[in-house]
Amino acid sequence: MKRLVCIGLLFAALGLIVAAPAQASRGIHIQTAIGPTGIGSLFADTSSTTVPPLTWEACAPDLTSCRRFAGGREIETTGVAAGTVFRVRDAGGERGVSPEWQGPPKEMAPPRVAGVIAANEFVSPVRGLWSGGWRGENSEMQLSACAAESGQECVSLTSPHFVRRGCASSASFYLDPRFVGLYLRVADRQSGGPHAEGGYAVYSPSGATWGFDEVWGRNRTTSVAIVGQIAPAANAPAGECGPPPPPIATLSAEGTARVECAGGCSVVLVGTRNGRRQLVTRQIPEQGLLRPNPALELDLPSSALARLGAGKVRLTVQIDGTRWAQRTIRTSAS
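Keep in mind the model is a prediction, meaning the values are calculated, not measured.

Draft legend 1. Quick look at the sheet that holds strand β11 (residues 122–126). With antiparallel pairing, the 4 strands of this open sheet are ordered in space as β10-β11-β15-β19. Because the sheet does not close on itself, it has two edges, and the strands there are β10 (112–115) and β19 (241–242). Relative to strand β15 (residues 172–174), β11 runs antiparallel, the two sharing 2 bridges. Looking across to β15, one finds that Phe122 is bridged to Tyr174.

Draft legend 2. Highlighting the packing of aromatic side chains. A full pass over the atoms with the stated rule returns 6 aromatic pairs. Between the aromatic rings of Phe122 and Tyr174, the centroid separation amounts to 6.1 Å while the plane-to-plane angle is 55°, which identifies the pairing as tilted. Of this pair, Phe122 sits in strand β11 while Tyr174 sits in strand β15, and the two are 52 residues apart along the sequence. Classification of Tyr174 as partly exposed rests on a relative accessible area of 24%. What links up through ring pairs into an aromatic cluster is the set Phe69, Phe86, Trp101 and Trp134.

Draft legend 3. Here's a closer look at the sheet that holds strand β14 (residues 154–156). Pairing is antiparallel in the open sheet, where 4 strands are placed in the order β14-β13-β16-β18. For this open sheet the edge positions go to β14 and β18 (222–229), each flanked by a neighbour on one side alone. Adjacent strand axes in the sheet meet at a mean angle of 30°, parallel and antiparallel pairs treated alike. Pairing analysis gives 7 bridges linking strand β16 (residues 183–190) to β18, with the strands arranged antiparallel.

Draft legend 4. Expanded view of the pairing of strand β2 (residues 28–34). With 6 of 7 residues buried, β2 lies mostly within the body of the structure. The pairing of β2 with strand β3 (residues 40–46) spans 7 bridges and is classified as antiparallel. Bridged to Thr32 within β3 is Leu42.

Draft legend 5. Up close: the pattern of salt bridges. Tallied over the entire structure, the rule returns 8 salt bridges. Close ionic contact of Glu57 with Arg87 constitutes a salt bridge, the shortest N to O distance being 2.9 Å. Highlighted residues: Glu57 in strand β4 (residues 54–59) and Arg87 in strand β7 (residues 85–90), separated in sequence by 30 residues. There is no split in this pair, since Glu57 and Arg87 are both buried. For Asp176, the salt bridge goes to Arg178, with nearest N and O atoms at 3.5 Å. Overall, Arg178 belongs to the exposed group, its relative accessible area being 56%. Through salt bridges with shared partners, a single ionic network connects Glu57, Arg87 and Arg89.

Thresholds, definitions, all that
- Residues numbered from 1 in each chain as written.
- Predicted model: local features only at pLDDT ≥ 70, side-chain atom pairs only at ≥ 80, totals over all residues.
- Heavy atoms only, no water.
- Pairing = 2+ DSSP bridges.
- Helix = DSSP H or I, 4+ residues; strand = E, 2+ residues; numbered from the N terminus.
- Phe/Tyr/Trp six-rings, centres within 6.5 Å; stacked < 30°, edge-to-face > 60°.
- Buried < 20%, exposed > 50% of the residue type's maximum accessible area, 1.4 Å probe, protein only.
- Axes fitted to C-alpha atoms, helices over the stretch in contact; angles between N-to-C directions.
- Salt bridge = Lys/Arg side-chain N within 4 Å of Asp/Glu carboxyl O.

Here it is, written out as structure tokens:
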């Protein structure tokens, strides 16, 4: 539960404090988290200066079939099924609703990196795939370098608080030649967020860009992979800031597009059948590589499928005008 209410830290030798997040002005804001054992937790952040009695209910996602669950400001998900939404109320009429709890997180595929694993090159962490957790939560990513392929004697290469002067938040990370021969490690931690965190910035008078954070261990909510040995440099240094990783787009058998685009992009999902065409468009903003937003999930609405008619529909995902994924699905729309 300590991750739920964070206080800004003072790094006397490395950085300074910036403003902490503001409190909600009205209503009950619910902060969610997941512990290392996979149990979810919730914290009711009220606008009141005093904490009134709070009542929690466990509900279906559409807020039907609610039952009294617990009282107090902090609770855990122990004893509830996947597909539960929590509602909290106080005696003064304020209330809040949590995201959907989808059950304990389970790793479906490990994280990886995009880029060239060599000195003077740039790499970006790419999150793995998970089931469970809180709907809409974001991942936290970390790169580190290890002395052994088995993952011993590692040093962190990234920190979400380290300020890379002149770099965009989506810029990939430079591999310093001093790490040649070490093994690049990537970790993907399910934080249960987004949630409030005290803000601070870390600067490095010495010029070092590594070692500011503890290397995350593998557990129920942290997936880890060794992705390769850092090769000697084949090119001259190109600066600290690399390009964002290329977008990722997939289409499920049900016709759901899943798109990740760290640098920000325009996404169009197009459905075609017998000369008819339907589409839906979304924008993805630029985001930080170490705390990426949830992937955009996009479907053609049922009205669009009905206009296409029943049968085989060809789906295409376009990113900034370029085709990235295609799939044919069968629809029963009429």
